[in-house]
Structure formats: C-alpha cells, structure tokens
Amino acid sequence: QVQLVESGGGLVQPGGSLRLSCIASVTNFRVYAMAWYRQAPGKQRELVAYITAGSSTNYADSVKGRFTISRDNAKNTVYLQSNSLKPEDTAVYYCNAGTDSRGEYYSYSHWGQGTQVTVSS
C-alpha cells in the first residue's frame with residue numbers, strides 16, 4: 001500500500017514563493033521516481049516535474065527555471081520549491097510515485113489529497 005501526504009500550499013502574490021512537501025509511505029522509497037502534478041479547475045491533471053531514483057530532474061516548460069524538485073530519501077520526502085509564481089500556477093498540487101523510462105515518467109496511479117496553491121494579487 002501507498003500513502004502520499006502533500007503540504008505547503010497557500011495563498012501567495014504573483015512573484016512570491018512556496019515550498020511544497022510530500023511524505024511518501026512507500027516501501028523502499030529510494031528506488032522510485034517521484035513527481036509533482038497539478039490540476040487547475042476545469043483542466044486535466046498535468047505533470048509539472050519529476051525526479052528519478054538517481055536524482056536527475058525534468059520539468060514542464062511552463063515551470064522550467066522557476067521550480068525545483070528535490071528529494072530526501074532519509075525522510076521519504078519529495079519537495080517542490082516554487083519561485084516567481086504566476087496566476088497561471090494556481091492549482092491543486094499532487095505528488096506521485098512512479099518510474100522513469102526513456103525520458104518519460106510513468107505514474108503508479110496513487111494520489112494524495114493534494115495541496116492548494118493560489119497565486120493572486
């Protein structure tokens with residue numbers, strides 16, 4: 001079984017920053033790729049960033065240069081540092097456990113409750 005608990009969201013003004021955290025209750029956490037997705041109202045869930053078991057990272061073009069994904073295997077935790085936030089970043093953010101192959105991320109289809117990020121003046 002898998003349990004994912006996201007936290008760190010909130011209301012922030014454009015240009016501000018948030019640090020999101022996800023604690024994963026997964027056996028042998030260090031072997032998984034981990035990802036952050038987001039879902040805005042009326043839109044599909046989209047992949048924001050992922051980090052492989054070897055700690056290489058990939059980002060959606062919309063957040064590249066502004067967001068940083070990282071992991072702490074000792075704490076079974078993945079982070080998303082979100083800087084220079086824009087109104088279009090507003091969404092519920094979810095973390096996910098999966099795997100990477102040929103430069104693509106594949107979800108294991110288990111989701112936490114998500115954490116709301118709202119960027120507004």
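Up top is the structure these notes are about.
Residues numbered from 1 in each chain as written. Predicted model: local features only at pLDDT ≥ 70, side-chain atom pairs only at ≥ 80, totals over all residues. Heavy atoms only, no water.

## Some words on the state of the cysteines
Here a disulfide denotes a covalent bond joining the sulfur atom of one cysteine to the sulfur atom of another.
Next up, step 1: If you walk through the whole model with that rule in mind, you get one disulfide.
Next up, step 2: The disulfide partner of Cys 22 is Cys 95, and the S-S distance across this bridge is 1.8 Å. Placement of the pair is Cys 22 in strand E3 (residues 18-25) and Cys 95 in strand E9 (residues 91-101), with a sequence separation of 73 residues.
Next up, step 3: Since its relative accessible area comes to 0%, Cys 22 is described here as buried. (Disulfide = S-S within 2.5 Å. Helix = DSSP H or I, 4+ residues; strand = E, 2+ residues; numbered from the N terminus. Buried < 20%, exposed > 50% of the residue type's maximum accessible area, 1.4 Å probe, protein only.)

## Quick word on the nonpolar core
Next up, step 1: Grouped together as the largest cluster of nonpolar side chains are 26 residues, with contacts concentrated most on Met 34, Trp 36, Val 78, Leu 80 and Tyr 93.
Next up, step 2: Setting aside residues no more than four positions away along its own chain, Leu 80 makes contact with Leu 18, Arg 19, Leu 20, Trp 36, Val 48, Ala 49, Phe 67, Thr 68, Ile 69 and Tyr 93.
Next up, step 3: Counting residues in hydrophobic clusters, the runner-up holds five residues, among them Ala 33, Tyr 37, Tyr 50 and Tyr 105. (Core = buried A, V, L, I, M, F, W, Y, C linked by side-chain atoms within 4.5 Å. Contact = heavy atoms within 4.5 Å.)

## Some details on the sheet that holds E3
Next up, step 1: Reading across the sheet, the four strands line up as E1-E3-E8-E7 and stay open at both edges, with antiparallel pairing between neighbours. Of all strands in the sheet, those with a lone pairing partner are strand E1 (3-7) and strand E7 (67-72), marking the two edges. With direction set aside, neighbouring strand axes in the sheet form an average angle of 15 degrees.
Next up, step 2: Relative to strand E8 (residues 77-82), E3 runs antiparallel, the two being bridged by six bridges. Bridge assignment links Ser 21 to a residue of E8, and that residue is Tyr 79. (Pairing = 2+ DSSP bridges. Axes fitted to C-alpha atoms, helices over the stretch in contact; angles between N-to-C directions.)

## What about the pattern of salt bridges?
Next up, step 1: The full count for this structure, using the stated rule, is four salt bridges.
Next up, step 2: Of the charged contacts in the structure, one is a salt bridge between Lys 64 and Asp 61, with a shortest N-O distance of 3.2 Å. Like Asp 61, Lys 64 is exposed.
Next up, step 3: Between Arg 66 and Asp 89 there is a salt bridge whose closest N-O contact spans 2.8 Å. (Salt bridge = Lys/Arg side-chain N within 4 Å of Asp/Glu carboxyl O.)

## Digging into the environment of Val 63
Next up, step 1: As for its position among the elements, Val 63 is in the loop between strand E6 (57-59) and E7.
Next up, step 2: Residue classification places Val 63 among the buried positions, given a relative accessible area of 0%.
Next up, step 3: The spatial distance from the C-alpha of Val 63 to the C-alpha of Ala 49 is 8.4 Å, given a sequence separation of 14 residues.
Next up, step 4: Apart from residues no more than four positions distant in its own chain, Val 63 is found in contact with Arg 38, Val 48 and Asp 89.

## Side note on unusual backbone geometry
Next up, step 1: Positive phi, normally seen in glycine, also occurs at Asn 76, with a value near 50 degrees.
Next up, step 2: Judged by its relative accessible area of 24%, Asn 76 falls in the partly exposed class.

## Focus: the pairing of E3
Consecutive side chains of a regular strand alternate in pointing toward one face of the sheet and then the other.
Next up, step 1: Taken together, the five bridges between E1 and E3 define a ladder with antiparallel strand orientation. Bridge pairing in E3 places Ser 7 opposite Ser 21.

## Side note on the pairing of strand E4 (residues 33-39)
Next up, step 1: Among the seven residues of E4, six are classified as buried, and the element is accordingly described as predominantly covered.
Next up, step 2: Sheet topology note: the E4/E9 ladder contains seven bridges and is antiparallel. The residue of E9 that forms the bridge with Arg 38 is Tyr 93.
Next up, step 3: The sheet contact formed by E4 and strand E5 (residues 46-51) spans five bridges and is antiparallel. By the bridge assignment for E5, Tyr 37 is matched with Leu 47.

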